[in-house]
Structure formats: structure tokens, C-alpha cells
Amino acid sequence: MQMNKQLRFAIVGLGHIGKRHAAMLEAHEECEWVAVCDPVPLDIRKEGLFICHSIDQLLESDTKFDVAIIATPNGLHEEHALKALRAGKHVLVEKPMALTSYGARKMIDEAERQDKQLFCVMQNRYSPVVIWLKDILSKAILGKVCIVQVNCYWNRDERYYTPGNWHGTQELDGGVLFTQFSHFVDLVLWLFGDISNVSGRFANFAHQHLTEFEDSGLVQFDFLNGGGFGSFNYSTACYNNNIESSITIIGEKGTVKLDGQYMDRIVVCQVKDYDMPVLPYNTTPGHFQVLEDVVRVLKGGSSDSNTVDALKVIKLIEDIYNVRNGAAGL
């Protein structure tokens, strides 16, 4: 597909993440933000912007646009993406792509059926630190990977789970692995490949009256490639603030640890016969780089669609939650 004109975008859902997409569109010279829909009344002063309250109103209008950005609650991603695809629009959907692997497959199949592009936001992959880690793993600089530990300890409390909000509901939120930590699940799969033998322990320590699911889990697994094993330890029960997002890799030839909100800081790099390069400072937001990829593909660049990876993330989270439900005797 070749497009030389400015690409026109509509945003479906103008919450916190939708506003971030709006800012990225406004900053990109090859993109034009032409429409938005949200059930909440919007006070936006932007000349020529079409504003409505539902995706049906948007798609039934005569507003011309190329790409729908789906930034609605998790449980609505599938429905809204399918409607946009069937209306002949390309789709960029926020994480998670859907709340079930069945729903994600429907989206992928519909994009193929309509000959439209479907993209999923995975902005953490664009960090120079993560790109560097991907490179040294692909070159086996660490040798055999023995152990991988991911720790995500965050805070979500009454300030986040306000009454009547979609956060905390099984139907629209889906669980903290979908809403808070799916990007880190994606990094584990992207960096180390498929996993098996999932086991775990789960509890709801601090949100019994706020959410319909657990707030903490200790998950263990094996890597299919190389014989190593790993763990994913997560919680949103931390008091007052986010505490940690980190990944530690112990390999035959060295140890690496990353931390930072987006795992974009190297705190340990001890590798045999290896000199750590100077990495570029990341000044470009990941969401902008996601948008850059969308523009590149729709203007004739090669497609490296990440929807299969997004589907794998959902399938793994399903597997983890099946373990949780089995442990609870459900």
C-alpha cells in the first residue's frame, strides 16, 4: 500500500492513553488528528475536529480517516477494532489487543479479510536499552540463559479504583497482568521466546473491595529454548507509590539487570570479555515511535506486524490465569 498524503487518524476513547496518542499525532508532521469519540462530554478546542460519543456515530458519519486508534477500556478493544476494520479502516489498538486469545484471533483474521493493517501498541520495545538487550541475547553474548527474574511492584489504590470506573472489573479490565504488566510479559516473550510449565501462587492482599481479581502473583515457568527457567513476580499492593520494575538475567557468561519504569536503565552489566557500548539517550516517547512505524507501513514500507506477538502475550496471560483459577478451585 502506498500513501503519499498526510494520514488521517480518529481516536476511539480519550482517557489518559487516548490523550497521549492525541499529543503524538499533533507532534507528527505526517499525521492529522481528525476525529474523536468518547462517551464522556469532551471540551476540546481544535478546529475541524469531529467529536462524537460512540464508535458507531463515528463510523456512520461522513468523516474521512485512514486509521482508528483504539484506546478504550481493555474489554472493548475487540469490539471496537472489529467495527473499525469492517468499516475499511486500519487499526492501531492499545495493549492488550483483546482480553481473550479467541478475540485476538478474530481481529487478526478480520484484518486479513478486509486487507487492512492491524497494529498493537508495544512501546517498551523501542527503548535503546531493551534494543541493546535484544541484540546481545540474539548474539549469545551472555551464553546460555540460565535464570530470568522479572519483578514488577507497583501501587494501585482507591485513587485508581474509583467507584463506577472500569478499572478493577473482570469484564473491562481483565486483571493486572492485562492492564498494568502486559508490556513486561511481552518483553519476556520477545527477548527469550516461548515458555512452558507455568505454575504460580496468587492473592488479593489490598484490593478485596476494589477489584474482581488478584493484585499479586508469583509465577514460574521454563523456556522452551535453551533449558533455562524464569519467574514473574508482580503486585499492585505496594503502599503509596510504584517501587520496582526490573529484569535480571543470569547467563553462563554474565549477568545483566535492568530497571526503571519501562526497564530502560542498566544497573548491572557484568559480562565476560565484553565492553559495554555507549547507548543513545532515549528522547523520543515510545508511543511516537509506534506511530512512526504505522506511518512507515501505510506509506509503503515493509510490514513487520506484531499482532502474532500480541496474541502470544494474551495466550500466556490466559495460561497464567488458568493456573490461578485452578489454584482457587474455580
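Scroll up to find the structure this text is about.
Now for a look at the structure at hand. (Residues numbered from 1 in each chain as written. Predicted model: local features only at pLDDT ≥ 70, side-chain atom pairs only at ≥ 80, totals over all residues. Heavy atoms only, no water.)

Moving on, we come to the pattern of salt bridges. Two side chains carrying opposite charge are able to pair once their charged atoms lie near each other. According to the stated counting rule, one finds 18 salt bridges in the structure shown. The salt bridge involving E110 is made with R113; its shortest N-O contact spans 2.5 Å. You can see E110 and its partner R113 sitting in helix α4 (residues 101-114), three residues apart, about one turn around the helix. Linking K139 and D135 is a salt bridge whose minimum nitrogen-to-oxygen distance equals 3.1 Å. Shared partners join several salt bridges into a network, and the residues in it are D56, E79 and K83. (Salt bridge = Lys/Arg side-chain N within 4 Å of Asp/Glu carboxyl O. Helix = DSSP H or I, 4+ residues; strand = E, 2+ residues; numbered from the N terminus.)

On to the sheet that holds strand β7 (residues 145-153), then. Read across the open sheet, the seven strands follow the order β8-β9-β10-β7-β11-β12-β13; overall the sheet is mixed. Unpaired on one side and paired on the other, β8 (195-203) and β13 (265-271) mark the two borders of the sheet. With direction set aside, neighbouring strand axes in the sheet form an average angle of 10°. Here β7 pairs with strand β11 (residues 244-251) via eight bridges, running antiparallel. (Pairing = 2+ DSSP bridges. Axes fitted to C-alpha atoms, helices over the stretch in contact; angles between N-to-C directions.)

Let us now look at the nonpolar core. In terms of nonpolar packing, the biggest core is built from 73 residues, with M97 and F232 touching the most fellow members. For this core, the element with the highest residue contribution is helix α9 (residues 307-327), accounting for eight residues. Apart from residues no more than four positions distant in its own chain, M97 is found in contact with H77, E78, A104, M107, I108, L118, C120, T307, A310, L311 and I314. The next biggest cluster of nonpolar side chains, apart from the first, holds 23 residues, and it includes I11, L92, F288 and V294. (Core = buried A, V, L, I, M, F, W, Y, C linked by side-chain atoms within 4.5 Å. Buried < 20%, exposed > 50% of the residue type's maximum accessible area, 1.4 Å probe, protein only. Contact = heavy atoms within 4.5 Å.)

Everything listed here is a matter of geometry and, on its own, says nothing about what the molecule does.
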